[in-house]
Amino acid sequence: MANKRTLKKQINLICEELFVDFVAASLYGNAPNHSQAEAVLFSIIKLRNNYISRISHPEPGMPARKYYQDLKEQFSKQVSEILDHINNL
């Protein structure tokens, strides 16, 4: 398992890349629906804030290794969902 600092840096980097992809898609793609674009932007921000805070406070009673594996899997699923939304803009 990577340490918490490295995991936080990776999450920040991925969220930054999502934001860059969103900006590129909104600038160079078709004219998006502004409410839909704002929803995608807010979901990126909420994703980052949620997972950064969850790293520092693991669930009690759950083994740390299993908790962080589950955290990574859930994060990957949500990132792929956001990428699908960005591609559909």
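Structural data are supplied above this passage.
What comes next concerns the included structure.

What counts, and where the lines are drawn
- Residues numbered from 1 in each chain as written.
- Predicted model: local features only at pLDDT ≥ 70, side-chain atom pairs only at ≥ 80, totals over all residues.
- Heavy atoms only, no water.
- Helix = DSSP H or I, 4+ residues; strand = E, 2+ residues; numbered from the N terminus.
- Buried < 20%, exposed > 50% of the residue type's maximum accessible area, 1.4 Å probe, protein only.
- Contact = heavy atoms within 4.5 Å.
- Areas by Shrake-Rupley, 256 points an atom, 1.4 Å probe, with all protein chains shown as cover.
- Lys, Arg positive; Asp, Glu negative; His and termini not counted.
- Charge placed at Lys NZ, Arg CZ, Asp CG, Glu CD.
- Patch = residues over 30% accessible without salt bridge, like charges linked within 9 Å, V, L, I, M, F, W, Y side chains within 5 Å.
- Salt bridge = Lys/Arg side-chain N within 4 Å of Asp/Glu carboxyl O.
- Core = buried A, V, L, I, M, F, W, Y, C linked by side-chain atoms within 4.5 Å.
- Expected span 1.5 Å × (residues − 1).
- Axes fitted to C-alpha atoms, helices over the stretch in contact; angles between N-to-C directions.
- Parallel < 35°, antiparallel > 145°, perpendicular 65-115°, else oblique.
- Nonpolar A, V, L, I, M, F, W, Y, C, P; charged D, E, K, R; others polar.
- Phe/Tyr/Trp six-rings, centres within 6.5 Å; stacked < 30°, edge-to-face > 60°.

Here's the deal with the overall build of the protein chain
When its secondary structure is counted, the protein chain shows three helices and zero strands. Reading the helices (α) and strands (β) of the protein chain from amino to carboxyl end gives α-α-α. Put simply, the protein chain has 89 residues, and 25% of those count as buried. Across the protein chain, contacts joining residues at least 24 apart in sequence account for 75% of those joining residues at least 6 apart. For the protein chain, the exposed area adds up to about 6,200 Å²; of that, 54% sits on carbon and sulfur atoms. Averaging the coordinates of the 11 positive side-chain charges in the protein chain and doing the same for the 9 negative ones gives two points 12 Å apart.

Structural notes on a nonpolar patch on the surface
A cluster of nonpolar residues, Phe19, Val23, Leu27 and Tyr28, forms a patch on the protein surface that exposes about 460 Å² of accessible area. The topology assignment puts leucine 27 in helix α1 (residues 4–28). The exposure class assigned to leucine 27 is exposed, which follows from its relative accessible area of 60%.

Description of the nonpolar core
One finds Ile11 and Leu47 to be the most contacted residues of the largest nonpolar core, which totals 20 residues. Looking at this core, the elements with two or more residues in it are α1, α2 (34–56) and α3 (64–87). Setting aside its immediate chain neighbours within four residues, isoleucine 11 contacts Tyr51, Ile52, Ile55 and Phe75.

Notes on α2
In this model, α2 (23 residues) spans 34 Å end to end at C-alpha, consistent with the 33 Å of a helix rising 1.5 Å per residue. The set of residues buried in α2 consists of Ala37, Val40, Ile44, Leu47, Tyr51, Ile52, Arg54 and Ile55. On the buried face of α2, the contacting elements are α1 and α3.

Comments concerning the packing of α2 against α3
One way to put it is that α2 packs onto α3 with a least axis distance of 11 Å and a crossing angle of 175°. Relative to α3, α2 is oriented roughly antiparallel. From α2, Val40, Ser43, Ile44, Leu47, Tyr51, Arg54 and Ile55 reach across to α3, where they touch Tyr67, Tyr68, Leu71, Gln74, Phe75, Gln78, Val79, Ile82, His85 and Ile86. Class assignment of the residues belonging to the contact of α2 with α3 gives a composition of 12 nonpolar, four polar and one charged.

What to know about the packing of aromatic side chains
Going through the model one piece at a time under the given rule, you end up with two aromatic pairs. Between the aromatic rings of tyrosine 51 and phenylalanine 75, the centroid separation amounts to 5.2 Å while the plane-to-plane angle is 70°, which identifies the pairing as edge-to-face. Remark: phenylalanine 75 occurs in helix α3 and tyrosine 51 occurs in helix α2; sequence separation between them is 24 residues. Taking relative accessible area as the criterion, tyrosine 51 reaches 1% and is therefore assigned buried. Geometrically, the ring pair formed by tyrosine 67 and tyrosine 68 is edge-to-face, given 5.2 Å between the ring centres and 75° between the ring planes.

Remarks on α1
Taking 1.5 Å per residue as the helical rise, α1 with its 25 residues ought to reach 36 Å, and the 36 Å between its terminal C-alpha atoms agrees with that figure. Residues of α1 that are buried: Leu7, Ile11, Cys15, Leu18 and Phe22. The secondary structure elements touched by the buried residues of α1 are α2 and α3.

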